[in-house]
Amino acid sequence: MTAPWSAWVLTLFPEMFPGPLAHTLAGKALADGLFALHTVAIRDFAHDRHRTVDDTPFGGGPGMVMRADVLAEALEATAAAARATLGAETCPIVYLTPRGRPLDQERVRALARAPGVILICGRYEGIDQRVIEAHPIEEVSLGDFVLSGGEPAALALIDAVVRLLPGVVGQADSLSDESFETGLLEYPHYTRPRVWQGRSVPEVLLSGHHENIVAWRRTESERITAERRTDLWQRYQQKTRIER
Ligand SMILES: C[S@@+](CC[C@H](N)C(=O)[O-])C[C@H]1O[C@@H](n2cnc3c(N)ncnc32)[C@H](O)[C@@H]1O
């Protein structure tokens, strides 16, 4: 039997996993065996009895840096375990860092198509640069802000990937309309009650006229994207111009 999509997470805090994921769709998917989650405690690869994983930065400056030797040994052991699980296939290695390429839905989709992923969670000032140079590591950021560790970013990435795996989201249809799938942000949603605090649901959504509803949603998606995300809007306009 082939292994399900698998995530290996290298961390100083394995107890943070699956954490909040256990309470989401991903938690059910994990229990149902639709994906596998392995944590690797970097500290287990330390060389001294104090289980040291970090040291002061060469060149001075504040904070500590995760040691190259300890992290590389953890990574190489993890890569071997991943190879043993996945057979001939290799999986991407991602270091979560604010210096990385911002994570987007396109990359999430690509990761969901891969057999799995190895995620490195940094702490302190980050990891020794030589580990990045010595391995085929992709640097990925969750956004332009600084977290105190890579773990929340790893949890977010796993959540985003797992909901794209077959069988995880009940109605696959509900994924196709979502923000970014069409290159646009999603339209607004409404449910009962029809009138709430004097605010009515847009009439068209109550009309039962499918084509008008689709057209209204498309217009709203375009309006919201143009207002909020000029970068996405320009790309979308270019794409639709080319397709025409
Ligand atoms: C305090 S941060 C280090 C920040 C680093 N000194 C810098 O200025 O780029 C510690 C760790 O949190 C993680 N982290 C922080 N912000 C992140 C972000 N926006 N996306 C992904 N990981 C992040 C990284 O793994 C990083 O090594």
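The rules we used
Residues numbered from 1 in each chain as written. Predicted model: local features only at pLDDT ≥ 70, side-chain atom pairs only at ≥ 80, totals over all residues. Helix = DSSP H or I, 4+ residues; strand = E, 2+ residues; numbered from the N terminus. Buried ≥ 20, exposed ≤ 12 C-beta atoms within 10 Å, placed from the backbone. Contact = placed C-beta atoms within 7 Å. Domains from an automatic or database assignment. Pairing = 2+ DSSP bridges.

So, about the overall build of the protein chain. The helix and strand tally for the protein chain stands at 8 helices and 9 strands. Each principal axis of the C-alpha distribution contributes one length, and for the protein chain these read about 70 × 45 × 45 Å. Every one of the 244 residues in the protein chain was classed for burial, and the buried ones make up 25%. Counting contacts in the protein chain only where the partners sit at least 6 residues apart, residues at least 24 apart contribute 77% of the total.

Bringing the domain arrangement of the protein chain into the picture now. Split by domain assignment, the protein chain resolves into domain 1 (5-162) and domain 2 (177-243). Centre-to-centre, using C-alpha coordinates, domain 1 lies 36 Å away from domain 2.

This part covers the pairing of strand β5 (residues 93-102). As judged from the 4 bridges shared by β5 and strand β6 (residues 116-121), these two strands associate in the parallel manner. Note that in β6 the partner of Leu-96 across the bridge is Cys-121. Relative to strand β7 (residues 137-141), β5 runs parallel, the two sharing 6 bridges. In the sheet register, Tyr-95 faces β7, and the bridge partner there is Glu-139.

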